[in-house]
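Residues per chain are reported as follows:
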Amino acid sequence: MEEKQQNRRRKRNRRNRPNSRYSGADPRPNSEDPSASSSSPAAGGKEMIRHGLQFAAASLIVFLLFRFLLTLVMPFCIAALLAVLLYPAVRLLHRRLHLPVLAGGALVLTTFFSALLIGAFYLGRALINQLVAFFQNFAVYQTFLTERVGGICSGCDRIFRLEHGTVMGVVESAMTVFLERIQTDILPALTAKTLQFAAGTAAILGVVLIVLVSTLMMIKDMEYYRGMLRRLKQTPVFGTVLTNLHGGGAAYLRTQLFILALVALILSLGLFLLRNPYALVIGIAIAVFDAFPVLGSGLILVPWAAVHLFAGRYYQAVVLAILYLICQVIREVLEPRLLSGKLGIRPVSAMIAIYVGLRLFGIAGVILGPLGLIFVLAIAPALGINGSGRQ
């Protein structure tokens, strides 16, 4: 009897016990709830707006810095770069020879500056000699180019069944306008710039002196500046900016400068093997052209090699083709290895930065545009950090 009563109680308790499958809050999200499904796109939209505002604010900050402060702090920025570059040699002299830091800095800076002047002198002399030889033979090149262009224009007349000389007339009128533009606009501007440069030689020498003295002083107090940077890196905002600049921006600039110098050296040596009298000038020019995104050295080397190939000069065509392949291998293989997953800049982004830099700062925008983009990408994430270090 008692067992039957106990069994009834158990059954009654089971019926009154809440079912965990149907009662209480379901820990799993309800996929059919429209509010839950609409929260994710809304959050994504807010995130995109937040990042866009951060990028715009960082762009405004960088623009104001470049427009109003860059010319004032440029000598000290150059001095800081030189101090960072030369300090390891100064520290080595201090540890091995117990040379005072100031004396070691003066010795290393004098040696570096002397080597730089000697290298610039010989390089500049070679460039000037090749440019003078080019302009002396300009009439010969002009005649040769006119004959080639005339043949191409005659071929276009025959292909499109035009009257003989139609295409050549269009080309000659365009060249006339171009030469008039050079005589009326470009040459007077170059003359004015040359006179301004000559008049500002004393100011340039003063700036060089400021750079040298500032470099020496920064080398002397380098340990203090290193400690200050370490303390700044521990703060949320400045730490984010400095980490992004050091990890991404510095790596990008260092990689591009190294590849530019390496490509210029290889092209100059290759053109020297072809006995080109302007090997150094053309090599540097093609290397600078190769540094531009999307363009590349192929726009010059490939047509040049094709011209030699159709003219029967197979050796020159093969050498130019090999130079082009070497340049491509250097840029496609070496650049990812040097960046090694750090902050890089896409070619389209770099082209946009160069265009914006040209529109805002003139010819200096070729350098300031990508440099400004690096600063924007470093500053933008830090603008979303609050005082507690959270975004």
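Residues numbered from 1 in each chain as written. Predicted model: local features only at pLDDT ≥ 70, side-chain atom pairs only at ≥ 80, totals over all residues. Heavy atoms only, no water.

Caption draft 1: The arrangement of the overall build of the protein in detail. Counting its secondary structure elements, the protein contains 13 helices and 0 strands. Along the protein, helices and strands appear, N-terminal first, in the series α-α-α-α-α-α-α-α-α-α-α-α-α. With 391 residues in all, the protein has 23% of them scored as buried. By sequence separation, contacts in the protein at least 24 residues apart represent 65% of the contacts at least 6 residues apart. Of the accessible surface of the protein, which amounts to about 27500 Å², a share of 69% is contributed by carbon and sulfur atoms. (Helix = DSSP H or I, 4+ residues; strand = E, 2+ residues; numbered from the N terminus. Buried < 20%, exposed > 50% of the residue type's maximum accessible area, 1.4 Å probe, protein only. Contact = heavy atoms within 4.5 Å. Areas by Shrake-Rupley, 256 points an atom, 1.4 Å probe, with all protein chains shown as cover.)

Caption draft 2: Local environment of the packing of helix H3 (residues 101–136) against helix H6 (residues 201–220). Close contact between H3 and H6 brings their axes to 9 Å; oriented N to C, the two are set at 140 degrees. Relative to H6, the element H3 lies oblique. The hand of the H3/H6 crossing is right-handed. On H6, the residues that touch Val101, Leu102, Gly105, Ala106, Leu109 and Phe113 of H3 are Val208, Leu212, Thr215, Leu216, Met217, Ile219 and Lys220. Grouping the constituent residues of the contact of H3 with H6 by class yields 10 nonpolar, 2 polar and 1 charged. (Axes fitted to C-alpha atoms, helices over the stretch in contact; angles between N-to-C directions. Parallel < 35°, antiparallel > 145°, perpendicular 65-115°, else oblique. Left-handed = near helix turned anticlockwise from the far one by under 90°. Nonpolar A, V, L, I, M, F, W, Y, C, P; charged D, E, K, R; others polar.)

Caption draft 3: Up close: unusual backbone geometry. In the Ramachandran plot, Arg161 falls in the positive-phi region, its phi being about 55 degrees despite a non-glycine side chain. Mapped onto the elements of the fold, Arg161 is located in the loop between helix H4 (138–159) and helix H5 (166–199). Even without a glycine there, the phi angle at Arg275 is positive, about 60 degrees. Of note, Arg275 is situated in the loop between helix H8 (236–273) and helix H9 (279–291).

Caption draft 4: The nonpolar core, seen in detail. One finds Val263, Leu267, Leu271, Leu274, Leu301, Leu320 and Leu323 to be the most contacted residues of the largest nonpolar core, which totals 16 residues. Ignoring anything within four residues of it in the chain, the contact list for Leu320 reads Leu271, Leu274, Leu301, Trp304, Ala305 and His308. Counting 13 residues, the second largest nonpolar core, distinct from the first, contains Leu82, Ala83, Met218 and Ile219. (Core = buried A, V, L, I, M, F, W, Y, C linked by side-chain atoms within 4.5 Å.)

Caption draft 5: How the structure looks around the packing of H3 against H9. Their axes nearest at 8 Å, the elements H3 and H9 cross at an angle of 100 degrees. As judged from the angle between their axes, H3 and H9 are roughly perpendicular. Only Ala279, Leu280, Val281 and Ile284 of H9 make contact with H3, whose side of the interface consists of Leu123, Ala126, Leu127, Gln130 and Leu131. Of the residues contributing to the contact of H3 with H9, the split by class is 8 nonpolar, 1 polar and no charged.

Caption draft 6: Representation of a nonpolar patch on the surface. A surface patch of nonpolar side chains, about 970 Å² in accessible area, is lined by Leu60, Ile61, Leu64, Leu65, Phe68, Leu69, Leu72, Val73, Phe76, Ile210 and Leu383. Broken down by element, the residue count for the nonpolar patch peaks at 9 residues, all from helix H2 (residues 34–97). Assignment of secondary structure puts Leu69 in helix H2. (Patch = residues over 30% accessible without salt bridge, like charges linked within 9 Å, V, L, I, M, F, W, Y side chains within 5 Å. Salt bridge = Lys/Arg side-chain N within 4 Å of Asp/Glu carboxyl O.)

Caption draft 7: How the structure looks around the pattern of salt bridges. Applying the stated rule across the entire model yields 2 salt bridges. For Glu47, the salt bridge goes to Arg50, with nearest N and O atoms at 2.6 Å. Linking Glu47 with Arg50, this pair stays in helix H2, spanning 3 residues, or about one helical turn. For Glu47, a relative accessible area of 35% gives the class partly exposed. The exposure class of Arg50 is partly exposed, given its relative accessible area of 26%. With its nearest N and O atoms 3.7 Å apart, the salt bridge here joins Asp221 to Lys220.

Caption draft 8: The arrangement of the state of the cysteines in detail. Using the criterion set out here, one finds 0 disulfides in the structure. Cys156 takes part in no disulfide bond, and the closest cysteine sulfur to it belongs to Cys153, at a distance of 6.1 Å. (Disulfide = S-S within 2.5 Å.)

Caption draft 9: Here's a closer look at the environment of Ser349. Considering the arrangement of structural elements, one finds Ser349 in helix H12 (residues 347–361). For the pair Ser349 and Pro370, spaced 21 residues apart in sequence, the C-alpha separation works out to 8.6 Å.

Caption draft 10: View of a positive patch on the surface. There is a patch of like positive charges on the surface, built from Arg95, Arg226, Arg230 and Arg231. The greatest single-element share of the positive patch, amounting to 3 residues, is contributed by helix H7 (residues 222–233). Checked against the element boundaries, Arg231 lands in helix H7. (Lys, Arg positive; Asp, Glu negative; His and termini not counted. Charge placed at Lys NZ, Arg CZ, Asp CG, Glu CD.)

Caption draft 11: Region of interest: the packing of aromatic side chains. What the rule picks out here adds up to 5 aromatic pairs. When the centroid spacing of 6.3 Å and the interplanar angle of 40 degrees are considered together, the rings of Phe63 and Phe361 count as tilted. Of the two residues, Phe63 sits in helix H2 while Phe361 sits in helix H12, which places them 298 residues apart along the sequence. Overall, the relative accessible area of 28% leaves Phe63 in the partly exposed class. For Phe361, a relative accessible area of 21% corresponds to the partly exposed category. Here Tyr224 and Tyr225 contribute two aromatic rings whose centre-to-centre distance is 5.5 Å and whose plane-to-plane angle is 65 degrees, an arrangement assigned as edge-to-face. Using a relative accessible area of 51% as the deciding quantity, one classes Tyr224 as exposed. (Phe/Tyr/Trp six-rings, centres within 6.5 Å; stacked < 30°, edge-to-face > 60°.)

Caption draft 12: Region of interest: the environment of Leu262. When you line up the elements, Leu262 lands in helix H8. Taking the C-alpha atoms as reference points, Leu262 and Ile330, 68 residues apart in sequence, are found 8.5 Å from one another. Aside from chain neighbours lying at most four places away, what touches Leu262 is Ile330 and Leu334.

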